[in-house]
Every structure is written in structure tokens, then in C-alpha cells.
Amino acid sequence: MAGIVGYGAYIPRKRIKTEEIARQWGKDPEAIRRGLLLEEKSVPGFDEDTITISVAASRAALDRAGTSASDLGAVYIGSESHPYAVKPSGTVVAEALGAGPDVHIADFEFACKAGTEAMFVALGLVESGRVEYALAVGADTSQGAPNDALEFSASAGGAAFIFGDRDLLVDVVDTYNYTSDTADFWRREGEFYPRHGGRFTGEPAYFKHVLGASRGILEKTGLTASDFRYAVFHMPNGKFPLSAGKQLGFTEEQLKTGWVVPTMGNTYSGSSPTGLAAIFDEAEAGDLILLTSFGSGAGSDSFVLKATERLPEARDLAPTVRSMLDGPHEYVSYGEYAMFREKIIVND
Amino acid sequence: MRQVAIVGAGMTRFGELWGSSLREMFVEAASGTLDDAGADHLDSIYVGCMSGGQFVGQEHLGPLMADYLGMAGVPATHVESACASGGVALRMAFMEVASGMCDLALAAGVEKMTDGADVTNVLATAADQELEVYYGVTFPGLYAMIARAHMEEHGTSEEDLAWVSVKNHRHGALNEKAQFRREITLEQVMSSSMVSEPLRLLHCSPVSDGAAAALLCPLDQAKKYTDRPVEILGSGLATDSLALAQRANPADLGAVRKSADRAYHMAGLEPGDIDVAEVHDCFSISEICCLEALGFAEQGKGGSAARDGRTAIGGDIPVNTSGGLKSKGHPVGATGIAQAIEIFRQLRGEAGERQVDAARIGLTQNMGGSGASSVVHIFKGV
């Protein structure tokens, strides 16, 4: 069975605190922190976008894999903030990494689950023998309208995974997909910010699909929550993944490592993949890991993964997620945030 | 005029009913009502709905609802008076049966509010566009001004407001149809998010979906449908200026007072005769103002009624035993009918854990906008 031979993540250094956003709009920061369990979130600088985040995370993945970019047969970027409406992100990423030109490129978009979509397809191509190595990235500079609840969570970052069929760091034990036409969050062509159905994004959207996919893969594999050392679910806020985990029978101990949202925010396509990378930074050989993403519109991809003895040896070859979250960072004011997120209209 | 009775009732649960459309909710409530009374035909249908057009893009509700109920051909009329649409639909059905124009009329109310519309702005169309909405005010803002005026004039406190919500949630926790079937504490209300000072989140009724319906016939035919009809003794409708600023005193809801006076006069009763009442608590301050306008409390003294337990089940005038708009939910067009259903249940002794002992006479008060229209009905268990 194919699996993951390298992984990496990238989180921008700039941060904005929940208090700062709440202050701007006259909201009660305590109510937000208590309600959404969000302390701060990452903010992309002027020179950071989905492409640069993807390149940084992918370089870390190549370092851990010990493979050459020229061995990549596929480069897939999952995001809902591709810098170009027409023109792929993947071509820029591939050239920056030194991959190709004999490489297949595709950009994926499925709200917040584009990253695990790319992973699912990359895995399948390696398993089929069509390509030797395939790179899958989930990255976003997430969009949220000013003064929308999303503004407290929408952040920047991502993670990259290289799939291969030998020298695995992590085995892919099984996968499961759960999808329906559920319009809980959307952005029409030409609109600047996404819209959402408020509380409709909860039970009929996030929970139905996350629980549906997770229960599906547990049934398919015959595993139960207690068989796992770690689990990570898509993190639109702090509360939802903890609630989903609890409903599935997972403990706080199993959830806390991948639960990076309180200080990272929701990196959309990069959310559960970055939580997975944080788990890889800690997991020991033999540990079972459950990953379930969620993308509005709506669907979830579940993966059951098992760490090999090679994982602990590879993790020091690139920066860990926690080192980026807890390491040097710089807080910005709402004004600076608005500038960096290009919410201030200026003349050319 | 003929004497008129309610002989059957039905309603959906209130809440975020994402799996039910406007017409489905109507059919559930209306067919439940027909089943309840064992009726197989209708002479007339009134559909109270504030704004199917703005909430889900659907107008022309009379024929639509008649058709989906399997009653195409029956006279059917859409009634609109903002959040009082349901109460006014009941009045229209009452008048038609009382006049002898028909024998079996369905009074229904329905609203689908959670289908993606900008609810605050849709509701604001019930305020004065030129004198109020144009300047940015919304209903929480208007009721906050009413609350401020009441506090300034009568010394009503934020805690008085909060007790209304605590009391109504205590009642609603006992109602299987309620959107929020849980009790809340004074501390939770007082620390909930500020919406429009002094009104906090838990002073405000929620955004809801739901439908309710009641079947009316002449009292002398009521036994065909039920052993326990509930007679409508009085109906009063009154209006005031749409714009709050044009009223002499914003804390005195004149239309509520006038509509109540008319209903009391028609019924030959006084406030002291009422055993149980459903009152339009779209915001906690509105229950306080309405208690005064209905004569249940002296002008300016309504603030202490919930705190003192007067309006709780077991108090001297139990108000909003259903949980009120606050806890039961407020699908605006359905509210006036749902209020009548609660009184119908109370006067038949069918209210279960929230039954008011020996309830014989009940009252409903349903209003639109910031009190620009108000409709009051008085009922008697037969």
C-alpha cells in the first residue's frame, strides 16, 4: 500500500489577536474567545500567498522525503485562494521546486477540503503505479468578510505531503469519502468574500459530513476511537472539532496535538492537513491517526494513517508546526491587518 | 353576529426547520388541524404571513396553500400585518364565520425565515421606511428606545427586563413545540452579548420557521367537531403611527391599549377576568409594555411582574405559558395563531405540565412593528 514519504507545513509569522478584531467592530472579545475558542490567527504578509505557502511547505516535505523534486510525477495544490482565477498555482509551485516539465499539474478547489482532495488523488495515482511520487498541498490565505464571524478565524498557512510506495514515513491504511449537495458556504464568481448560512453551516453541514465520513471509515476498517493515538478534524473554529471528536468517542488527549486552531486560525484547505503535520511531528511508530477534513458544499475525506519507524527519524529534517506557531511571531494591528489583506483600496 | 368557536388546532414545532419549506410547514399545521377536528372540507382559508416574498421569494400564498392542502377552489386569502399577520388572519376568519358568510374557516399563519434572507432587513420593512429605516434603525434599535423610555420614565431596570426572559424560558422548557426548550438564568441573560443597549441577545426573540392553524365554526355547530370548543368572545384590532418617534410616549403602546379595550368591550369582560394570556414578547421590554396596555399592570409598574412571579404559571396572571416568542420561537406570521393555540390548549385543560389551574378565560395579544398594529382576542372554554 502506498503512503506518505515526506511532509511539511508553513505558517506565516504575522498574527492578529481576537481582541484586536473584536475591538475594531465593538464586539465582546471574551464572548468570541469563549464561544469559538479562538485566541489569535495567522496573517499573510504582502509577499505571502497560496503559492508561496505551498512552496515553503513542499520544500520541507522534500527535505523530509529525501527525494528530488524532479522525481515528482504530479503536483496538486488544493486551495480556495488560488492567486489567479485563470492560470494554475501548481505550475508556479512546480517550477519553484524544480519539478517537471515531465509532471502532471492540477489545482483543486472544494472549499476547505481541497487539500485532502489533492491528497486522495495523489495517493490513488501512486497506488496505481501511474506516477512514482505525487505531491499534494492544502494551503490558503483564507477569505472572510470584514465584520463577519469568519474574520476571527480565516487565516493563512498550509501543509504538503509527498506520496510514494516505498520508504514510507506513514502508511495509508484506508480512506473514505462522504459527500452531498449542501450549500452552507459559497462565493459566486466575481464576489470578493464568501457568504455562509450562519448556523446552517453546523449540524446539516460540518457535523453531518465530518461524522458521516469518520463513522464510515471506522466501520470500514473495523476500528474504534480507542484504537487511535491521534485524531484531527477540520477546524473552522475551536469548538466544532472538539465537539465532533467527542461525539465519535475521542478524548481530549487524542485531539489536542492536531487541534492547532486556537493560535493558528482556520487555514481552510490547510486546516486539517496542518493539524495532521503537527501530529506527524510527535507520533511514534505504530501510532494510528484519523484525519477527517470538511469542505463546504459539502463533503469530508477521511484517512486512517499509521506511523512507521521512519517517521521519528525524518521529523527533525524540517521545521515543526509547533515551532512555527510558538516560535518568533509578530502581532499586527487591525489597520495593518487590513493593509496586508488588501482590504484598503489604494490607487495603483 | 353568530357566536364563533375554535374546534381544532395544529402546528409545527418552531425552530430552524431546515428540512421544511414554507408550503410544507403550512400543510403540516393545516392538515393537523383538520385531523384534530375530523373535518374534511373548508369554506374559507386565511393565511397570515409577513413576507413570503422577501424571505423565500413566494407571494400569492392563498391559492398556493389551498392547492397544496388539496383544497384548490376554496376561497383563500393572504393576510399581512407584519408580525401581527397571524392574529389578524384569526380575526378575518372570525369575522367571516360570525357574519354568516361561511361555516368552516381555517385561520393559519406561516413564516420561513431561515432560508438565507437578510432577516433583520426584511423585518425592518415593517418599520417606516422614510422616517426610520432610511436612517439605519432596525427593530432591536426601536425596541431599545422603547426600553430606554420605560426605564427613564418608570425606573424599570435591566434586571426587570431579564426576568421576563428567565420566566418565559422556564415556561418554554415545558413546551414540546418550543425552539429553545431550556431554562436560562438571570446571570446568563445579564451577561449575554449586547445587541442594542440595553437589549442583550437573551432579551430578543429568535429567528424561526414554523406554521400554526386553527379551525373556526359557529358555536352551535361546534359539537360536530369537538366536545370541548373554545369560544371567541371578543376581537379587537387597532393601529398607531408606524414611526415610533411620532407617538406621544414611546413607552405607551397605544394600539395595544385600544385593541384590548375593543376586545374587552366586545366580550363584556375586564382585565381582572382573564385567567391566562399570551402576549407579544418579541423583546423582553414589549411584554412589560403590553402588560400595562392590557390592564394586567398599572402604567409603569409592568417591570416587576416577572420578577415578582405574578406572570409565571401559578402567579395571579400567567403570561406566555407557551414560552412566548422568546423561548417558543417567533416565525413572525405564525405567532398570532400559535398564541391562540396555547390558549385553546389551556382552556381545554390540555397544556400538560404548564397547565394553569381552572383556566376558563384566556387572552392573546399579537402586534406588528414597534406596536403600530395590535390585535387582541379573548376566549372562553365552553
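Each remark here, short or long, concerns the structure printed above.
Described below are features of the structure shown in this document.

Calculation criteria
- Residues numbered from 1 in each chain as written.
- Chains lettered and ligands numbered in written order.
- Predicted model: local features only at pLDDT ≥ 70, side-chain atom pairs only at ≥ 80, totals over all residues.
- Helix = DSSP H or I, 4+ residues; strand = E, 2+ residues; numbered from the N terminus.
- Rg over C-alpha atoms; globule rule 2.2 N^0.38 Å.
- Contact = placed C-beta atoms within 7 Å.
- Core = buried A, V, L, I, M, F, W, Y, C linked by C-beta atoms within 7 Å.
- Buried ≥ 20, exposed ≤ 12 C-beta atoms within 10 Å, placed from the backbone.
- Pairing = 2+ DSSP bridges.
- Axes fitted to C-alpha atoms, helices over the stretch in contact; angles between N-to-C directions.
- Expected span 1.5 Å × (residues − 1).

A few words on the overall build of chain A. Each helix and strand in chain A was counted, giving 13 helices and 14 strands. Since a compact globule built from 348 residues should have a radius of gyration of about 20 Å, the 19 Å found for chain A is in line with a globular shape. Looking at chain A alone, contacts between residues at least 24 apart form 79% of all its contacts between residues at least 6 apart.

Let us now look at the nonpolar core. The nonpolar side chains of soluble globular proteins are, as a tendency, buried together. Membership of the largest hydrophobic core comes to 127 residues, with the highest contact counts inside it found for A107, A108, A213, A214 and I337 of chain B. Per-element accounting of this core gives the leading share, 9 residues, to helix α12 (residues 332-347) of chain B. Apart from residues no more than four positions distant in its own chain, I337 of chain B is found in contact with G48, G86, A89, L90, A107, A108, G109, A212, A213 and A214 of chain B. If you look at the next biggest cluster of nonpolar residues, it comprises 112 residues, including A111, F250, W259 and A278 of chain A.

So, about the sheet that holds strand β1 (residues 4-11) of chain B. Residue and element names in this part refer to chain B. Strand order in the open sheet formed by 9 strands is β3-β2-β4-β7-β1-β8-β11-β10-β9, and the pairing between neighbours is mixed. Lying at the two open borders of the sheet, with one neighbouring strand each, are β3 (76-79) and β9 (276-278). Neighbour-to-neighbour, the strand axes of the sheet open up by a mean angle of 25 degrees, direction not taken into account. Two strands pair when backbone bridges link them, and β1 and strand β8 (residues 230-239) are joined in this way by 3 bridges, in the antiparallel orientation. Residue pairing across strands places A5 opposite E231, the latter belonging to β8. On the sheet, helix α9 (residues 254-267) packs against β8, β10 (361-368) and β11 (373-381) and is oriented at approximately 145 degrees with respect to β8. Contacting β1, β2 (44-48), β4 (105-112), β7 (209-218), β8, β9, β10 and β11, α12 crosses the sheet at an angle of about 130 degrees to β4.

This paragraph deals with helix α10 (residues 271-280) of chain A. Judged by how many residues are buried, α10 of chain A sits mostly within the fold: 10 of 10 residues are covered. Residues of α10 of chain A that are buried include every one of S271, S272, P273, T274, G275, L276, A277, A278, I279 and F280 of chain A, and no others.

Here the focus is helix α1 (residues 22-37) of chain B. Residues and elements named next belong to chain B. Taking 1.5 Å as the rise per residue, α1 with 16 residues should run 22 Å; its terminal C-alpha atoms sit 23 Å apart, in good agreement. Considered for burial, the residues of α1 that qualify are L22, R23, M25, F26, V27, E28, A29, A30, T33, L34 and A37. Tucked into the core, α1 has its buried residues touching β1, α2 (52-56), α3 (61-68), β4 and β7. One or two steps after α1, the chain reaches G38, where phi turns positive at roughly 65 degrees.

Cis peptide bonds are those with omega within 30 degrees of zero, and the linkage from G297 of chain A to A298 of chain A qualifies with 5 degrees. For A298 of chain A, the position within the fold is in strand β13 (residues 297-307). Here the bond from E197 of chain B into P198 of chain B is cis, since omega is 10 degrees, no more than 30 degrees from zero. By the element assignment, P198 of chain B lies in the loop between β5 (194-196) and β6 (199-200).

Structural measurements only, silent on function.
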